[in-house]
Amino acid sequence: MCDLWVVMQSQGNGKQEKIVEKIVCSVCGKATPIAKIAGKYYCFTCGNKIVKEHIVGLLKDLERKGFIQSTSHEEDL
Ligand SMILES: [Zn+2]
């Protein structure tokens, strides 16, 4: 994926200027961001981690509420 992002920036004179900006991952600050989550940019590694944590949290929440059963035993099969 390209690491240069085209951003439209409003100028003081009312014109919109097309600028090319380099955006880095908001966590590691190095890799090329591939996703924008809650207004922040994340690379594949960091974005993946955040999405996983979010899904795990969501599943645990559903488990607590009794919507789903724990899947932790199934990993031992
Ligand atoms: Zn990162």
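Residues numbered from 1 in each chain as written. Predicted model: local features only at pLDDT ≥ 70, side-chain atom pairs only at ≥ 80, totals over all residues.

## Some points on the overall build of the protein
- Within the protein one finds one helix and four strands.
- Ordered by position from N to C terminus, the α and β elements of the protein give β-β-β-β-α.
- Per-residue burial for the protein yields a buried fraction of 8% across its 77 residues. (Helix = DSSP H or I, 4+ residues; strand = E, 2+ residues; numbered from the N terminus. Buried ≥ 20, exposed ≤ 12 C-beta atoms within 10 Å, placed from the backbone.)

## Examining helix α1 (residues 44–64)
- The terminal C-alpha atoms of α1, which comprises 21 residues, lie 30 Å apart, in line with the 30 Å expected from a rise of 1.5 Å per residue.
- Counting buried residues along α1, only two of its 21 residues qualify, which leaves the element largely exposed.
- One or two steps after α1, the chain reaches G66, where phi turns positive at roughly 85 degrees. (Expected span 1.5 Å × (residues − 1).)

## Quick word on the environment of A31
- In this structure, A31 sits in the loop between β2 (16–22) and β3 (33–37).
- Between the C-alpha atoms of A31 and Y42, which are 11 residues apart in sequence, the distance is 8.3 Å.
- Among residues more than four places away in sequence, those in contact with A31 are C25, C43 and T45. (Contact = placed C-beta atoms within 7 Å.)

## Describing the pairing of β3
- One ladder, built from four bridges, connects β3 with strand β4 (residues 40–43); its direction is antiparallel. Bridged to K36 within β4 is Y41.
- In sequence, β3 turns back onto β4 through a hairpin of two residues, with A38 there showing a positive phi of about 50 degrees. (Pairing = 2+ DSSP bridges.)

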